[in-house]
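What the coordinates show
The chain contents come next:
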Amino acid sequence: PSAIVKKLFMKGQMVTVNHEIDFETAEEIALEFNYICEPEEKIDVIAELLKEDAEDEATMVSRPPVVCVMGHVDHGKTSLLDAIRETRVTDREAGGITQHIGASVVSINNRDITFLDTPGHEAFTAMRMRGANSTDIAILVVAADDGVMPQTVEAINHARAAGVEIIVAINKIDKPSANIDKVKQELSEYELIPEDWGGSTVFCPVSAHTKEGIDNLLEMILLTADVLELKANPNRNARGLVIEAQLDKGRGAVATVLVQKGTLHVGDPVACGSSYGKVRAMVDDKGRRVKTATPSTPVEILGLNSVPVAGETFVACDSEKDAKSFAETYISEEKHKLVEETKSRMSLDDLFSQ
Ligand code: GDP
Ligand code: MG
């Protein structure tokens, strides 16, 4: 150390052994001692923690598709989601009052489809933090009387960037001014070409108001899901994404999670980001208490020690100790990142103040 301190001193840097020096300086000094410096590879500790081996094909079984709705403002995204839930309400078990948990499951022909309430682009950006994708299929809603608008194009770009399959729902076909062919024409310019025009994109004319075409849209979603061969292993520790979370006065931290792999059980130790705990209770989208949640199922969970961030990955662990240690690693890593950010911000400030 004293030799290095001396070298630095010669370069006009007053340092002691406890000083941290930047990479460039270290490199320069090291060269004088005939060493070549290499910057330490930045290891994303959390990404490492979340990393998993590829799953054995034999363990995988078919799972329901997870769908989101995107499109220009006022083209009918909310109305369409409501219409879908309403038309399928008769299929539901008695007492099925939809409760708002940020996602809902509808069934058609005895098969389930999970709809996220989060608008597509938000779902993609918030939930892709660690490369995890929330959605399998995006429903691009385009009003038949309005056609392709700026946010329609944005939605297409977001869906493509996320590698999500697009199904077009031409909405408001009940309107006298509806022009389905014009929408098809306009979307063709974005390489969304309908099957009856020789393309490969599914187009579904619908009306959220009259409910015309809703069942056909749901069937098309299932057909697309079949092509995508969506699968997951239900027999392992659960893992998935936090869709929504808040602090409830009476119930404490409440998080809606989308199970993507494995099965989540009441009593499972879980960690999501800096939060952890044991699943005390689970409630499904129909407000029913459930004991288990399989892949593609959204459930509200109680029992976390703090409110996790939406978009964060949750993992079920073998023990509460594991869950706690996961959360602690996360917390220390976040702190570390904060320190690093502050440092680089400070050095930038220094640069600009000179
Ligand atoms: P969002 O902004 O995409 O969520 O659009 P909304 O669902 O809020 O709908 C915007 C407006 O379009 C509302 O006034 C709806 O009543 C109307 N609307 C939605 N779907 C239909 C439809 O199928 N037919 C007609 N005529 N109006 C619709
Ligand atoms: Mg809306």
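Here, every reference points to the structure presented above.
Residues numbered from 1 in each chain as written. Chains lettered and ligands numbered in written order. Predicted model: local features only at pLDDT ≥ 70, side-chain atom pairs only at ≥ 80, totals over all residues. Heavy atoms only, no water.

1. Here we look at the pattern of salt bridges
Note the threshold: Between Lys or Arg on one side and Asp or Glu on the other, a salt bridge is scored when a side-chain nitrogen of the former is within 4 Å of a carboxyl oxygen of the latter. Going along the chain from the N terminus, every DSSP run of H or I of four or more residues is numbered as a helix, and every run of E of two or more is numbered as a strand.
Following the criterion strictly, the structure yields 22 salt bridges and no others. Taking the shortest distance from any N to any O, the salt bridge between Arg236 and Glu55 comes out at 3.2 Å. Of this pair, Arg236 sits in the loop between strand S8 (231-232) and strand S9 (239-248) while Glu55 sits in the loop between helix H3 (45-50) and strand S1 (61-62), placing them 181 residues apart in sequence. A salt bridge links Asp117 to Arg85; the nearest nitrogen and oxygen atoms lie 3.1 Å apart. Here Asp117 is found in the loop between strand S4 (111-116) and helix H5 (120-127), whereas its partner Arg85 is found in helix H4 (residues 77-87), with 32 residues between them in sequence. Salt bridges sharing partners connect three or more residues here, namely Glu52, Glu55, Arg236, Arg239 and Lys261.

2. Focus on the packing of H4 against helix H8 (residues 214-228)
As a reminder, the rule being used: Fitting a line to C-alpha atoms yields each axis, with helices limited to the stretch in contact; the angle taken between N-to-C directions then spans 0 to 180 degrees. By the definition adopted for this analysis, an angle is roughly parallel if under 35 degrees, roughly antiparallel if over 145, roughly perpendicular if from 65 to 115, and oblique otherwise. Whether two residues are in contact is decided by their heavy atoms, any of which lying within 4.5 Å being enough. Polarity classes work like this: nonpolar for Ala, Val, Leu, Ile, Met, Phe, Trp, Tyr, Cys and Pro, charged for Asp, Glu, Lys and Arg, and polar for all others, with Gly in that last group.
Taken N-terminus to C-terminus, the directions of H4 and H8 make an angle of 90 degrees; their axes are 10 Å apart at the nearest point. In terms of their interaxial angle, H4 and H8 are classed as roughly perpendicular. Counted together, Leu80, Ala83, Ile84 and Thr87 of H4 and Ile214, Leu217 and Leu218 of H8 form the full contact between these two elements. Tallied by class, the residues present in the contact of H4 with H8 amount to six nonpolar, one polar and no charged.

3. Structural notes on the environment of Pro205
Structurally, Pro205 is set in strand S7 (residues 202-205). When the C-alpha atoms of Pro205 and Asn171 are compared, they prove to be 6.1 Å apart, with 34 residues separating the residues in sequence. The contacts of Pro205, once residues within four sequence positions are left out, are Ile170, Ile173, Ile180, Glu212 and Gly213.

4. Regarding the environment of Leu218
Heads up, the condition is: Throughout, exposure labels follow a simple rule: accessible area from a 1.4 Å probe, protein chains only, divided by the maximum for the residue type, with under 20% read as buried, over 50% as exposed, and the rest as partly exposed.
In this structure, Leu218 sits in helix H8. For Leu218, a relative accessible area of 0% corresponds to the buried category. A C-alpha to C-alpha distance of 8.3 Å links Leu218 and Ile84, two positions 134 residues apart in sequence.

5. Focus on the environment of Asp226
Looking at the secondary structure, you find Asp226 in helix H8. Accessibility expressed as a relative area gives 41% for Asp226, which makes it partly exposed. Taking the C-alpha atoms as reference points, Asp226 and Pro65, separated by 161 residues in sequence, lie 9.0 Å from one another.

6. Concerning the site of ligand 1
Using the following cut-off: Here, proximity means that at least one heavy atom of the residue falls within 4 Å of the molecule or strand. N or O atoms within 3.5 Å of each other form a polar contact, as long as, within protein, one can give a hydrogen and the other can take it, and as long as residues adjacent in sequence are counted only when both atoms are side-chain atoms.
The full set close to ligand 1 counts 15 residues, and Asp74, Lys77, Ser79, Asp174 and Ala208 are the nearest of them. One nitrogen or oxygen atom from the side chain of Asn171 is found 3.1 Å from an oxygen atom belonging to ligand 1. For ligand 1, an oxygen atom lies 3.1 Å from a polar atom in the side chain of His209. At three residues, the largest contribution of residues to the shell around ligand 1 is made by H4.

7. Points about the side chain of Thr114
Position of Thr114 relative to the elements: it lies in strand S4. By relative accessible area, Thr114 is classed as buried at 1%. Not counting chain neighbours up to four residues away, the residues in contact with Thr114 comprise Pro65, Val66, Val67, Ser104, Val105, Leu258, Ser296 and Pro298.

8. Notes on a nonpolar patch on the surface
Selection criterion: Nonpolar side chains (Val, Leu, Ile, Met, Phe, Trp, Tyr) are joined into patches within 5 Å and like charges within 9 Å, using only residues with over 30% relative accessible area and no salt bridge. To be clear on the numbers: accessible area is Shrake-Rupley with a 1.4 Å probe, and residue cover counts the displayed protein chains and nothing else.
Together, Ile4, Phe33 and Tyr35 make up a nonpolar patch on the protein surface, roughly 310 Å² of accessible area in all. Examined against the element boundaries, Tyr35 turns out to sit in the loop between helix H2 (23-32) and H3.

9. What about the packing of helix H1 (residues 2-10) against H2?
Filter applied, for reference: Left-handed describes a crossing in which the near helix is turned anticlockwise from the far one by less than a right angle; the clockwise case is right-handed.
At their nearest, the axes of H1 and H2 sit 11 Å apart, and the two run at 115 degrees to each other. On the basis of their axis angle, the class for H1 and H2 is roughly perpendicular. In terms of crossing hand, the pair formed by H1 and H2 is right-handed. Taking contact as the criterion, the partners of Ile4, Lys7 and Leu8 in H1 are, on H2, Thr25, Ile29 and Glu32. Here the residues of the contact of H1 with H2 sort into three nonpolar, one polar and two charged.

10. Section: the nonpolar core
Rules: Side-chain atoms within 4.5 Å are what join buried Ala, Val, Leu, Ile, Met, Phe, Trp, Tyr and Cys residues into a set we call a nonpolar core.
Counting 26 residues, the largest nonpolar core has Leu140, Ile166, Val168, Ile170, Leu187 and Leu192 as the members making the most contacts within it. Of all the secondary-structure elements, those providing two or more residues to this core are strand S2 (66-71), strand S5 (137-143), helix H6 (150-161), strand S6 (165-171) and helix H7 (180-188). Ile84, Ile113, Val141 and Ala208 belong to the second-largest nonpolar core, a separate cluster that totals 24 residues.

11. Observations regarding the pairing of S7
The test is simple: A pair of strands is labelled paired if DSSP reports no fewer than 2 bridges between them. We call a crossover right-handed when, viewed with the strands running away from us, the connection from the first strand over the helix to the second turns clockwise.
Inspection of the sheet shows S6 paired to S7 by four bridges, in the parallel sense. Looking at the pairing, Ile167 lines up with Val202 of S7. Read from S6 through H7 to S7, the crossover connection turns out right-handed.

12. Details of the pairing of strand S16 (residues 298-304)
Within S16, seven of the seven residues are buried, which leaves it mostly tucked inside the rest of the structure. As defined by bridge partners, strand S10 (residues 252-261) adjoins S16 across six bridges and the pair is classed as antiparallel. Across the sheet, the residue bridging to Val257 is Val299, located in S16. Here strand S13 (residues 275-283) runs beside S16; their pairing, made up of four bridges, is antiparallel. Across the sheet, the residue bridging to Val283 is Glu300, located in S16.

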